[in-house]
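# Overview (structure and organization)
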Amino acid sequence: MASKTKAEPTASGSPPANQATPHDLNCLTIAELEALAYERMDKQTRDYYNEGADAGTTLSENISAYSKYRIRPRVLRDISQIDTTVDVFGHKNSSPFGVAPTAMQKLAHSDGELATARACKSKGIVMGLSSFSTSTLEDVAEASEANPNVLQLYLFEDRAHSTKLIDRAKKAGYKAVLLTVDTPMLGRRNLEIRNQFKLPAHLSIANFVDQGEDEGEDDNDGASGSTASTQTTTTNASSSSSSLSTDNTDSPNNGTTTTTADKPLRSTPRQNPHKRRANTSSKRNSNPNPKPKTKTKTKTKTKTKPKQSVAGYHDGHKRHPPTGPITFHTHAANPTLSWEESIPWLKSRAGPEMQVWVKGVATAEDATLAVHHGVDGIVVSNHGGRQLNGALATLDALPEVVAAVNREVPVHVDGGIRHGSDVFKALALGADFCWVGRPVLWGLAYKGRDGVELCLRLLMDEFRLCMGLAGVTSVKEISKEYLCRVDRDGFVSKL
Ligand SMILES: Cc1cc2nc3c(=O)[nH]c(=O)nc-3n(C[C@H](O)[C@H](O)[C@H](O)COP(=O)(O)O)c2cc1C
């Protein structure tokens, strides 16, 4: 890219000041993007996006696992034509990675998932959309135009909700559903709990605003106002509901954000409570003969009070599914899923139009079961270290899954990818494709669509450079011959 500008580099490696550079000089690496995004996100969002479960060991090992491998570069091969493309979901993807599904992207930027979709389209990169997105799957499909999307699915205990979502995804042209299988319970994310994480009132879990117990009622607070709690099988429904306030006014952070992203995060800012009081009183004052409070008024208030979401629980005899409006903390975890029941159900529901993948497999045993139950593909994932802390880093789990699957279905991997060379290493260990989560959110927080494009471009450029310097001109050539392992004492061995 630099050669196109014909800029003679200075001693510092930068082009002369009077020459245009294709680079964002503030942000040349994903690490710099992370730092820039850090400054632009409010604490609640930053903690929600960045943290892992418990002590965060799996989160950090997902990243450090990549440094256990080194690349064995080959030289004097004509690498003047490098093809970084791969076929995935019937589409030619410009590089062997996609955007992993991550929930609630409007926390990072007011354009949220739509900005991500537009960036993916402009870069030719497949996008995974979370069920718990803050834009509807139809709007995302429209923003993507012909660029392919896949829908991440949490299969709810109440299948009616999932059925609706799957049918909508099919209609909107999604290529696959990725069933998340690593959330039978929600991992313990301590910062989320401490911050009493709650979606600000102006945002909603867009795919479900009209679903849940309140169906038909014009009230979607519950879909947006989900407070963090550790979802467990409790024997007391009220204990579970008591932590799930749906009134954001009383939230400790009161929905306030302190972002400096180029577009305001809050499209309809919460009214200042003092102003609101002032408005109310001026309204009251404008009526010289205010009506006394009547019973009718009280009744109306009771009727519009949002219903609370309640996480599923066990009463000692049987399990009760979650109730109320659909929120992440009440509905995402589903302890009842099983290979025997859930996969055939999902396959028949998805029909021939959409592939069915499982996301969150980390062992050879489960990979074998996945193939046995006829899935179309497997994503080796531990949810970015947000579920079971102490679980294997995904790069360490990858080889056993690849061996068990024996090329019967494609194997993808996510978790800890922060460099183009990480993508190269994952492919060398047998992955067909990678997915990238947090770096995309950092791009979104930095500059919306432009920031996501920047993130994708950095990884794409680094991957291409890595291929060329390793002496590889097509993705299918990448194999374990190009890797060696570094042991604890620093000794190197071939794979
Ligand atoms: C803020 C955040 C939200 C996420 N939301 C979802 C989700 O809704 N569904 C899902 O299957 N995975 C979700 N994930 C996990 C990602 O799909 C992916 O597995 C993970 O981010 C990959 O790790 P990385 O962030 O290190 O790239 C989320 C991850 C993050 C960081």
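Before reading on, note that the structure itself is shown above.
These notes cover the structure that comes with them. Note that the structure is predicted; figures quoted are calculated from it, not measured.

Basis of the calculations
- Residues numbered from 1 in each chain as written.
- Predicted model: local features only at pLDDT ≥ 70, side-chain atom pairs only at ≥ 80, totals over all residues.
- Heavy atoms only, no water.
- Helix = DSSP H or I, 4+ residues; strand = E, 2+ residues; numbered from the N terminus.
- Buried < 20%, exposed > 50% of the residue type's maximum accessible area, 1.4 Å probe, protein only.
- Core = buried A, V, L, I, M, F, W, Y, C linked by side-chain atoms within 4.5 Å.
- Contact = heavy atoms within 4.5 Å.
- Pairing = 2+ DSSP bridges.
- Axes fitted to C-alpha atoms, helices over the stretch in contact; angles between N-to-C directions.
- Salt bridge = Lys/Arg side-chain N within 4 Å of Asp/Glu carboxyl O.
- Near = heavy atom within 4 Å.
- Polar contact = N/O pair within 3.5 Å; in protein donor to acceptor, adjacent residues only side chain to side chain.
- Areas by Shrake-Rupley, 256 points an atom, 1.4 Å probe, with all protein chains shown as cover.
- Nonpolar A, V, L, I, M, F, W, Y, C, P; charged D, E, K, R; others polar.
- Parallel < 35°, antiparallel > 145°, perpendicular 65-115°, else oblique.
- Left-handed = near helix turned anticlockwise from the far one by under 90°.

### Some points on the environment of Ala 115
Note on placement: Ala 115 falls in helix α4 (residues 112-123). Taking relative accessible area as the criterion, Ala 115 reaches 1% and is therefore assigned buried. Distance from Ala 115 to Gly 451, taken between C-alpha atoms, is 9.2 Å for residues 336 residues apart in sequence.

### A look at the nonpolar core
The biggest cluster of nonpolar side chains holds 119 residues, and the ones touching the most others in it are Phe 132 and Ile 378. Top element by residues in this core is helix α17 (residues 438-470). It accounts for 17 residues. Excluding its chain neighbours within four sequence positions, the residues that come into contact with Ile 378 are Trp 357, Val 358, Val 361, Ala 367, Ala 370, Val 371, Val 401, Val 405, Val 409, Pro 410, Val 411 and His 412.

### Here's the deal with the sheet that holds strand β1 (residues 69-71)
What the three strands build is an open sheet, ordered β1-β14-β15; its pairing is antiparallel. Because the sheet does not close on itself, it has two edges, and the strands there are β1 and β15 (492-494). Averaged over all pairs of adjacent strands, the angle between strand axes in this sheet comes to 35°, irrespective of strand direction. Where β1 and strand β14 (residues 483-486) come together, three bridges link them in antiparallel fashion. What sits directly across from Ile 71, in β14, is Leu 483.

### Here's the deal with the pattern of salt bridges
Applying the stated criterion across every chain, the model contains 11 salt bridges. A salt bridge links Glu 138 to Arg 168; its shortest N-O distance comes to 2.8 Å. With Glu 138 in helix α5 (residues 137-144) and Arg 168 in helix α6 (residues 159-171), the pair connects residues that are 30 residues apart, well separated along the chain. Residue classification places Glu 138 among the partly exposed positions, given a relative accessible area of 30%. Glu 341 serves as the salt-bridge partner of Arg 159, at 3.2 Å between the closest nitrogen and oxygen.

### Looking at the site of the ligand
Close to the ligand lie 23 residues; Pro 101, Ser 130, Thr 180, Asp 414 and Arg 418 are nearest. Interatomic distance of 2.8 Å between a side-chain N/O atom of Arg 418 and an oxygen atom of the ligand. Calculation on the ligand without its partners gives an accessible area of 600 Å², and the protein chains cover 99% of this total. Tallied by class, residues from the shell around the ligand come to eight nonpolar, 10 polar and five charged.

### Structural notes on unusual backbone geometry
Phi is positive for Met 104, which is not a glycine, with a value near 55°. Inspection of the secondary structure assignment puts Met 104 in the loop between β4 (97-99) and α4. By relative accessible area, which is 2% here, Met 104 ends up buried. One non-glycine residue, His 383, lies in positive phi territory at about 65°. As for its position among the elements, His 383 is in the loop between β11 (377-380) and α15 (394-405).

### A look at the packing of α6 against helix α13 (residues 339-350)
Where α6 contacts α13, the axes come no closer than 10 Å and their chain directions differ by 40°. Compared by their axis directions, α6 and α13 come out oblique. Considering only the axes of α6 and α13, their crossing is right-handed. Mapping the contact onto sequence places Arg 159, Ser 162, Thr 163, Ile 166, Asp 167 and Lys 170 in α6 and Glu 341, Ser 342, Trp 345, Leu 346, Arg 349 and Ala 350 in α13. Considering only residue class, the contact of α6 with α13 consists of four nonpolar, three polar and five charged.

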